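In case you want the letters, here they are:
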Amino acid sequence: MDRAATGAQPPLEPQPPEVHEPATVAGGVGAVYQTTRQVKHHLGVVRGARTLLLTNQIEGFDCPGCAWPEPQDHRSSFEFCENGAKAVASEATTRRVTPAFFAERGVEELARQSDFWLNEQGRLTHPMVLRPGAARYEPIAWDDAFALIAGELRALGSADEAAFYTSGRTSNEAAFLYQLFVRRFGTNNLPDCSNMCHESSGSGMDASLGVGKGTVTLEDFELADAIFIVGQNPGTNHPRMLSTLRDARRRGCAIVVVNPLAEAGSTRFAHPQDPVDVLGGSTEIGSLLLQVRINGDAAVFKGIMKAMLAREAAAPGTVLDRAFIEEHTDGFEAFARSLDDVSWEEIVRESGVPREAIERAARVAWEAERTIVCWAMGITQHKNGVANVQEIVNFLLLRGNVGKPGAGACPVRGHSNVQGDRTMGVWEKVPDAFLDRLGAEFGFEPPRAHGRDTVDTIRGMLSGEVKVFFGLGGNFLSATPDTERTADALRRCRLTVNVSTKLNRGHLVTGRTSLILPCLARSEVDVQPGGEQFVTVENSMSVVSMSRGRLPPASDELRSEVAIVAGVARATLGDASGIDWTGLASSYDAIRDAVARVVPGFTDYNARVREPGGFYLGNPVRQRVFRTATGKARFAVHPLPKHDLAPGRLLLMTMRSHDQYNTTVYGLDDRYRGIKNGRRVVFMNADDLAARGLAKGDLVDITSHAPDGERVAPRFMVVPYAIPRGCAGAYFPEANVLVPLDSVADVSNTPTSKSIVVSVARSTS
Ligand SMILES: Nc1nc2c(c(=O)[nH]1)N[C@H]1C(S)=C(S)[C@@H](COP(=O)(O)OP(=O)(O)OC[C@H]3O[C@@H](n4cnc5c(=O)[nH]c(N)nc54)[C@H](O)[C@@H]3O)O[C@H]1N2
Ligand SMILES: Nc1nc2c(c(=O)[nH]1)N[C@H]1C(S)=C(S)[C@@H](COP(=O)(O)OP(=O)(O)OC[C@H]3O[C@@H](n4cnc5c(=O)[nH]c(N)nc54)[C@H](O)[C@@H]3O)O[C@H]1N2
Ligand SMILES: [Mo]
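Computed from a predicted model, the values in this text were never measured in an experiment.

1. Here we look at the sheet that holds strand β9 (residues 288-290)
- Across the sheet, which stays open at both edges, the five strands sit in the order β9-β8-β7-β11-β12 with parallel pairing between neighbours. Strands with a single pairing partner mark the edges of an open sheet, and in this sheet they are β9 and β12 (408-411). For this sheet, the mean inter-axis angle between neighbouring strands, taken without regard to orientation, is 15°.
- The sheet strands contacting helix α11 (residues 239-250) are β7 (226-230), β8 (254-258) and β11 (371-375), and the helix crosses β7 at an angle near 145°.
- Running at roughly 130° to β9, helix α16 (residues 355-367) makes contact with β7, β8, β9 and β11 of the sheet.

Okay, here's the thing in structure tokens:
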């Protein structure tokens, strides 16, 4: 079979979607209805209720949805949300993808199905192999699969010819064992989903604050006077955050939203361009939405800070925390001067936000004693993503909003254990100190050269330097940029392996040989020779807690991620490695004991994680200890990013609908944005449509423009939407084909999935 004949992109849709009015309120009756519907659909009522009741409970399993923390002490019996319910239902489904399923359908035929259909087929049950030239997957025994991988890995000229990807659902235990295997094998090629996600946050905060993680805890939200939510859509992607925000609002905390869209959950308390008091005038501080142009955030923050400095000049001592700046920071003078050089005219033009609204936000900031800034992908996935994060830190530093209760930086993480995986060493650039301790614990010399991140892995496959791809979870094909080039890259590999729970498009675009290794999901009981096991995870606020699966496994053939990693390691390295893979995998306590000796902050891991609610890893920034190059928090000076779009061009952001989890499509609606029964839509400003002679419902092809050429995504339906002029939005992963591989953020190498230069034209396909 010709592997190149298999389509790499989601297929076109049979009929155009329906367009309705967007919702203004998030949650509510609709969320209850959807939760019940999803759960009934997948699980049947009784199993469903039981499953949900165990989600995010101290004795249950961690929700496989987002990384928003659970309250430490007072958990209600329903610590899940509509979208958490979808994640759990999709994982706990009673449907199965068996060897018979693969016998009936070739890979090419499967590739013609939608992402929604692929996910609907249910849980993978058996290890499967696609042999060179074969058209269909066939079953393979676990030991044969391990031997096949070992054979390919050992045949490589160098360990650096393999890359080992991780998606952020992997437990701490599996992640630690995995990076140990990969480094003992001899490479730091550990790309992960973080490279495409909060890498810009980690890079920016590390340089400015000396730590790459958020500095707040959930309790800080109870004390904040102002919360900024920037480039994040909590109503869809972190719905449990809405209750935190609701409580904050009820006690009078101001909430400022910076987003090109008035997302439901934000509009409930703010209107586009029109700052309104939410609580009927009962609070002094109004909440507002700054409807910024795509990638206009640096301009907004520069504007806010410029206004703050002007106010300080007019009324000295009222805005800046001079003592903090003096004692704990450096670079303030140069930073303040740089703001003088930016004019209001530029700020307003580049941000697309009126000066009055920016000044209103500045007032919120200086009236608040304690401010938290939350952000997500709207900030990180731009060329200047790292600079964006550092502008946010600059803003916090002005009023000493780090290292005091109720204040700080909150990069809201995506995958439920993406932060923990990094802590465990899944990082292509892990510091030497970590490698020293790892080597000492396991008696080997780990490789020191930095490995490949996600984008460099794709480049390596294209150039022939990477020949084996191993994915511990995730969907590398569909999550990465430049879908057709990534597909080409994967097809050049000798072997591609995916450890997965559900069928996805990444299983269909493969190397010469491909393996699917099905694993236990979070919600399932994990029994090993040493008895029933639990795993541990770290949430977005550095709390490490246990997660114990309760449901019977979807198939007797499933193995845990830990067991799979140990199996591959044993087959590849054998006893010669001097590491007892079998022992480590028999009882995860053994892995945790090793973690306790290698990873800072994990002393007494086994004991502390058994305490109800787990333990907090701490963050030196909370004590105003800054492990930066100068030992101080650093003001960073960056130029104002300029929009220099050629006439007719738009800046396109790719985002999530309400019915998906990254590349997993649960349904075809985006309820809050009014889209039903389809995903190939492009949201545009009505004036931009009119200027092109387009109207609601027209079909267009989207072309992206990059120095290395054009890429086309065909047949998207245009939707007039309240989005700033010159901006457009479409869904991930349908639009990933448009993201040029070389279009990445400075420093972090994160694909610029939120600023793609495109044009649209009436569809010819
Ligand atoms: N249900 C569900 N939950 C999820 C996920 C999921 O797919 N589904 N994914 C998980 C993961 S891995 C992650 S990383 C998070 C992602 O969480 P988000 O970052 O909220 O996800 P996106 O849909 O990418 O949303 C980006 C938001 O940023 C805005 N935006 C885009 N460009 C800009 C810009 O230039 N400036 C500003 N200010 N805003 C901009 C968009 O309008 C949108 O509201 O969610 C996690 N939780
Ligand atoms: N254009 C564009 N591209 C983006 C983004 C964007 O906003 N725009 N966002 C980026 C971001 S923030 C992220 S985090 C990445 C996400 O990238 P990934 O993490 O690679 O993608 P997912 O879609 O989350 O992975 C889904 C697959 O994981 C498997 N899976 C689910 N649960 C488990 C489990 O418990 N164990 C194992 N082994 N497998 C499991 C299932 O088989 C499922 O098909 O995508 C990035 N790509
Ligand atoms: Mo993410």
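2. Some details on the site of ligand 1
- Taken together, 31 residues lie near ligand 1, and N259, E263, N295, D297 and N662 sit nearest.
- Contacts to ligand 1 include G231, whose backbone N or O atom sits 3.4 Å from a nitrogen atom.
- Contact distances for ligand 1 include 2.7 Å between an oxygen atom and a side-chain N or O atom of N259.
- Coverage of ligand 1 by the protein chains reaches 99% of its 920 Å² of free accessible surface.
- Residue assignment for the shell around ligand 1 shows that the elements contributing at least two residues are α10 (234-237), α17 (377-380), β22 (650-655) and β23 (660-661).
- Split into classes, the residues belonging to the shell around ligand 1 amount to twelve nonpolar, 15 polar and four charged.
- If you count residues domain by domain, the shell around ligand 1 takes at least three from each of domain 1 (3-19 + 649-762) and domain 2 (34-197 + 417-616).

3. Structural notes on the site of ligand 2
- Around ligand 2 sit 30 residues, and of these Y165, S167, A479, E561 and T663 come closest.
- Q381 has a polar side-chain atom sitting 3.2 Å from an oxygen atom of ligand 2.
- Protein chains shield 97% of the accessible area of ligand 2, which is 930 Å² for the free molecule.
- Counted by class, the shell around ligand 2 contains ten nonpolar, 15 polar and five charged residues.
- Structurally, the shell around ligand 2 is a two-domain feature, drawing no fewer than three residues from each of domain 1 (3-19 + 649-762) and domain 2 (34-197 + 417-616).

4. Some thoughts on the domain arrangement of the protein chain
- Per the domain assignment, the segments of the protein chain are domain 1 (3-19 + 649-762) and domain 2 (34-197 + 417-616).
- One C-alpha centre belongs to domain 1, the other to domain 2, and the line joining them spans 29 Å.
- Across the boundary between the two partners, domain 1 contributes 35 residues, which contact 52 residues of domain 2.
- Buried surface at the junction of domain 1 and domain 2, summed over both partners, amounts to about 3,400 Å²; 50% is from carbon and sulfur atoms.
- A salt bridge links D659 to K86; the nearest nitrogen and oxygen atoms lie 2.7 Å apart.
- Where domain 1 touches domain 2, the interface holds 16 residue pairs in polar contact (both at pLDDT 80 or more).
- Grouping the amino acids of the side of domain 1 that touches domain 2 by side-chain chemistry returns 18 nonpolar, eleven polar and six charged.

5. Observations concerning the packing of aromatic side chains
- This model, assessed by the stated rule, comprises 26 aromatic pairs.
- Seen in terms of ring centroids, W142 and F146 are 5.7 Å apart; in terms of plane orientation they differ by 40°. Their pairing is tilted. Of this pair, W142 and F146 both sit in helix α7 (residues 142-154), four residues apart, which is roughly one turn of the helix.
- Centroid distance F181 to W581: 6.4 Å. Interplanar angle 80°. Geometry classified as edge-to-face. Residue F181 is found in helix α8 (residues 172-185), and its partner W581 is found in helix α25 (residues 581-586); the two are separated by 400 residues along the sequence.
- Relative accessible area serves as the criterion here: at 2%, F181 is assigned to the buried category.
- The class for W581 is buried, based on a relative accessible area of 2%.
- Three or more aromatic residues joined by ring pairs make a cluster, and in this case those are F164, Y178, F181, F185, F470 and W581.
- A cation sits over an aromatic face here: R169 above Y661, 5.0 Å from the ring centre.
- Directly above the ring of F534 sits R592, whose terminal nitrogen or CZ lies 4.0 Å from the centroid.

6. Some thoughts on unusual backbone geometry
- Omega for the bond connecting F732 with P733 falls within 30 degrees of zero, at 5°, which places this linkage in the cis form.
- Even without a glycine there, the phi angle at N662 is positive, about 50°.
- Tracing the backbone through its elements, the reader meets N662 in the loop between β23 and β24 (664-665).
- Look at N662 and you get buried, because its relative accessible area is 15%.
- Here V747, not a glycine, exhibits a phi torsion of approximately 70°, which is positive.
- The class for V747 is exposed, based on a relative accessible area of 71%.

7. Quick look at the environment of R349
- Within the fold, R349 resides in helix α15 (residues 344-351).
- Measuring from C-alpha to C-alpha, the distance between R349 and H643 comes to 9.1 Å, with 294 residues separating the pair along the chain.
- In contact with R349, other than residues within four places in its own chain, are R293 and K642.
- A polar contact of 3.4 Å, which involves the side chain of R349, links it to the side chain of E350.

8. Section: the side chain of D659
- In this fold, D659 is placed in the loop between β22 and β23.
- Take D659: its relative accessible area is 7%, and that puts it in the buried class.
- In terms of polar contacts, D659 uses its side chain to reach the backbone amide nitrogen of D669, at 3.2 Å.
- Excluding residues within four positions of it along the chain, D659 makes contact with K86, T664, V665, Y666, G667, L668 and D669.

Conventions adopted
- Residues numbered from 1 in each chain as written.
- Chains lettered and ligands numbered in written order.
- Predicted model: local features only at pLDDT ≥ 70, side-chain atom pairs only at ≥ 80, totals over all residues.
- Heavy atoms only, no water.
- Pairing = 2+ DSSP bridges.
- Helix = DSSP H or I, 4+ residues; strand = E, 2+ residues; numbered from the N terminus.
- Axes fitted to C-alpha atoms, helices over the stretch in contact; angles between N-to-C directions.
- Contact = heavy atoms within 4.5 Å.
- Near = heavy atom within 4 Å.
- Polar contact = N/O pair within 3.5 Å; in protein donor to acceptor, adjacent residues only side chain to side chain.
- Areas by Shrake-Rupley, 256 points an atom, 1.4 Å probe, with all protein chains shown as cover.
- Nonpolar A, V, L, I, M, F, W, Y, C, P; charged D, E, K, R; others polar.
- Domains from an automatic or database assignment.
- Buried area = accessible area lost by both parts, 1.4 Å probe.
- Salt bridge = Lys/Arg side-chain N within 4 Å of Asp/Glu carboxyl O.
- Phe/Tyr/Trp six-rings, centres within 6.5 Å; stacked < 30°, edge-to-face > 60°.
- Buried < 20%, exposed > 50% of the residue type's maximum accessible area, 1.4 Å probe, protein only.
- Lys NZ or Arg CZ within 6 Å of the ring centre and 35° of its normal.

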